[in-house]
Amino acid sequence: MDRLKGKVAVITGGGRGIGQGIALRFGQEGAKVVVVDIIGENAEETAQRIRKVHGEAVGLRGDVSKRSDVESLVTEALAVFGRIDILVNNAGIGGSKTCLDTSEEEWDRMLAINLKSVFLCCKRVIPEMMKIGKGKIVNIASLYGIAGSVHTAAYCSSKAGIINFTRQLAVDYSPHHIYVNAISPGLIGTEMTRGKLKDPETLNYLLRFIPLGRHGIPADIAGAALFLASEDSDFVTGHNLVVDGGESVRLE
Amino acid sequence: MGLLKDKVVIVTGSSRGIGKSIALSFAREGAHIVLNGRRTSSQRLEALAKQIEAQGVRTLVVKGDVGRAKVVLKLVQKTLDRFERVDILINNVGISPSVSIERMTEKEWDEVIRINLKSTFLCSKMVLPHMKKQRSGVILNLSSGSAKSGGVGAHYAASKAAINTFTKSLAFEGAPFGIRAVAIAPGPIETEMAKSLFKPGRKHFVESVIPLGRFGKPEEIAEVAVFLCSDDASFITGEIVEIDGGLNFYKPLSYHKMT
């Protein structure tokens, strides 16, 4: 399989969970992968797994909510692979609080890590894509970006922001053949959701809302990300692709 | 390639346009193709079948109007006789006459609803029992951007909006059996159906409100269809994918800046 052969892909939050699933799949498909994570060992471990199979990859530590970190990460990625064709903005944190319980600091932190990071990475990487004359950006949003839910004030807001930022980028950078799409995962089994999923009673309750009767796994998101990063999606831009086993069908 | 290796796929309305492109792309990925056309000559469908078989897969041609139950019955039965299963159904057939509501006759309304919507119902209804037995299957419906936006051809837009809702109902009913239902909603695509959009002056205007600045190609719809029917999309159901170069979400408040 070589659907991303020779492409250089930067994946933020690639040290585990969905980001790791995407990184591993892109590696299998022949991409040169830059795995970025706030936990350096996790980034390196994912990169090692890609290299072990056959691919090329580097793991870099960095906090993508900070401009100086984004700058040095991109500089290093360019030093290693010379270009950036694909950017997957996946880094993010969860959080479960009502509006009244959310402190100003917590709000700022959530919006910085989940949304500002997407802005900073796009701002730095888009000019590199413009030099090549083409690029693919995939932003990981969430079902919580299109629906409200209990106790998720800051998280819902950050993810909704990603979805409309995606559309806006698609409009502005279409003339440069930079395609920008979002993926909204539903319930996916990762470190972020482990707490919810380990209790069988909670799990069964949650699965009642998912027509396909199972929660997703990182590979489910990786398949969608591969499609949006490949040439197969060259007339798709600004779309929010929902990957949720049908959970949101009842939202509309 | 081989994302759809040995899958048996029915594509309604596959003699030209998007349906034909889907048939060709699916064959490239290793699927066996059941071709269907309503008014196309048998020679034309057979020639397409030859072209597809050159890719090393098998084909079956079943002519007829799938807006009629007995044609669908025949289509599904012949598919099973030949391949013993049906993995993927693409409800693609459709017509799009351009006529105002005032001038639209009752007969014209009924015909569009029958060919676009009822065919989708009939084909889905008749493949479902077999997909249930297999405990797997994908049904992909061709909708349209006009499902949300409306358009000249109110019957067409209404039929496509109904297809969106039908897709979601189908997703619910099929999910417990591992059957996924999805839809593609194309915007302006370079096909015969959209040729009214190519009139001088009109084409430039339409392009100016599409962020990607151009019409899509049938092959670009086909590649999205491949993805949605492949295992890469195994957690996607009930989703309607708009493929329109960004037309659906772009509000051209300042579109002069884009040109």
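Scroll up to find the structure this text is about.
Thresholds, definitions, all that
- Residues numbered from 1 in each chain as written.
- Chains lettered and ligands numbered in written order.
- Predicted model: local features only at pLDDT ≥ 70, side-chain atom pairs only at ≥ 80, totals over all residues.
- Heavy atoms only, no water.
- Helix = DSSP H or I, 4+ residues; strand = E, 2+ residues; numbered from the N terminus.
- Rg over C-alpha atoms; globule rule 2.2 N^0.38 Å.
- Buried < 20%, exposed > 50% of the residue type's maximum accessible area, 1.4 Å probe, protein only.
- Contact = heavy atoms within 4.5 Å.
- Areas by Shrake-Rupley, 256 points an atom, 1.4 Å probe, with all protein chains shown as cover.
- Lys, Arg positive; Asp, Glu negative; His and termini not counted.
- Charge placed at Lys NZ, Arg CZ, Asp CG, Glu CD.
- Buried area = accessible area lost by both parts, 1.4 Å probe.
- Salt bridge = Lys/Arg side-chain N within 4 Å of Asp/Glu carboxyl O.
- Polar contact = N/O pair within 3.5 Å; in protein donor to acceptor, adjacent residues only side chain to side chain.
- Core = buried A, V, L, I, M, F, W, Y, C linked by side-chain atoms within 4.5 Å.
- Pairing = 2+ DSSP bridges.
- Right-handed = clockwise from strand over helix to strand, strands pointing away.

1. Brief notes about the overall build of chain A
Scanning chain A from terminus to terminus reveals eight helices and seven strands. Its C-alpha radius of gyration of 17 Å places chain A within 12% of the 18 Å reference for a compact globule of 252 residues. Each of the three principal axes of chain A carries a C-alpha extent, and together these read 50 × 35 × 35 Å. Burial analysis of chain A (252 residues in total) assigns 59% to the buried set. For chain A, contacts bridging at least 24 residues in sequence account for 70% of all contacts bridging at least 6. Counting every atom, chain A has about 10700 Å² of accessible surface; 52% of that belongs to carbon and sulfur. Looking at charge distribution, chain A has the averaged site of its 29 positive side-chain charges lying 2 Å from that of its 29 negative ones.

2. Observations regarding the interface of chain A and chain B
Taken together, the contacts link 38 residues of chain A with 34 residues of chain B. For the pair chain A and chain B, the summed buried surface comes to about 3100 Å²; carbon and sulfur atoms form 69% of the total. Interface area lost by chain A to chain B is led by Leu212(A), Phe235(A) and Val249(A), which between them contribute 26%. Taken together, the links from chain A to chain B amount to two salt bridges. Asp232(B) is the partner of Arg25(A) in a salt bridge, and the nearest nitrogen-oxygen pair spans 2.7 Å. Applying the counting rule to chain A against chain B returns 10 residue pairs in polar contact (both at pLDDT 80 or more). Those elements that place two or more of their residues in the side of chain A that touches chain B are helix H5 (153-173), helix H8 (218-229) and strand S7 (240-243) of chain A.

3. Points about the nonpolar core
By size, the foremost hydrophobic cluster in this structure holds 85 residues, and its most contacted members are Ile22(A), Phe26(A), Phe26(B), Ile33(B) and Ile90(B). If near-sequence neighbours (up to four positions away) are discounted, Ile33(B) is found in contact with Val9(B), Val11(B), Ala23(B), Phe26(B), Ala27(B), Ile52(B), Arg58(B), Thr59(B) and Leu60(B). Ala77(A), Ala91(A), Leu120(A) and Ile137(A) belong to the second largest nonpolar core, which has 36 residues in total.

4. Side note on the pattern of salt bridges
Residues and elements named next belong to chain B. Under the defined criterion, the tally for this structure stands at 26 salt bridges over all chains. Glu 223 serves as the salt-bridge partner of Arg 28, at 2.9 Å between the closest nitrogen and oxygen. Placement of the pair is Arg 28 in helix H1 (residues 17-28) and Glu 223 in helix H8 (residues 218-229), with a sequence separation of 195 residues. Given the relative accessible area of 11%, Glu 223 is considered buried.

5. Digging into the pairing of strand S6 (residues 178-185) of chain A
All names here are of chain A. The buried count for S6 comes to eight of eight residues, which makes it a mostly enclosed element. Alternating residues of S6 divide into Ile 178, Val 180, Ala 182 and Ser 184 and Tyr 179, Asn 181, Ile 183 and Pro 185, and every residue in both groups is buried. By the bridge criterion, six bridges tie strand S5 (residues 135-140) to S6 in an arrangement that is parallel. Counted as the bridge partner of Lys 136 is Tyr 179 from S6. With H5 bridging S5 and the parallel S6, this β-α-β connection has right-handed handedness.

6. Focus on the environment of Asn114(A)
All names here are of chain A. Topologically, Asn 114 is positioned in helix H4 (residues 104-132). With a relative accessible area of 0%, Asn 114 lands in the buried category. Non-local contacts of Asn 114, meaning those with residues more than four positions away in its chain, are made with Ala 91, Gly 92, Ile 93, Tyr 155, Ser 158, Lys 159 and Ile 162. Among the polar contacts listed, one links the side chain of Asn 114 to the backbone nitrogen of Ile 93, at a separation of 2.8 Å.

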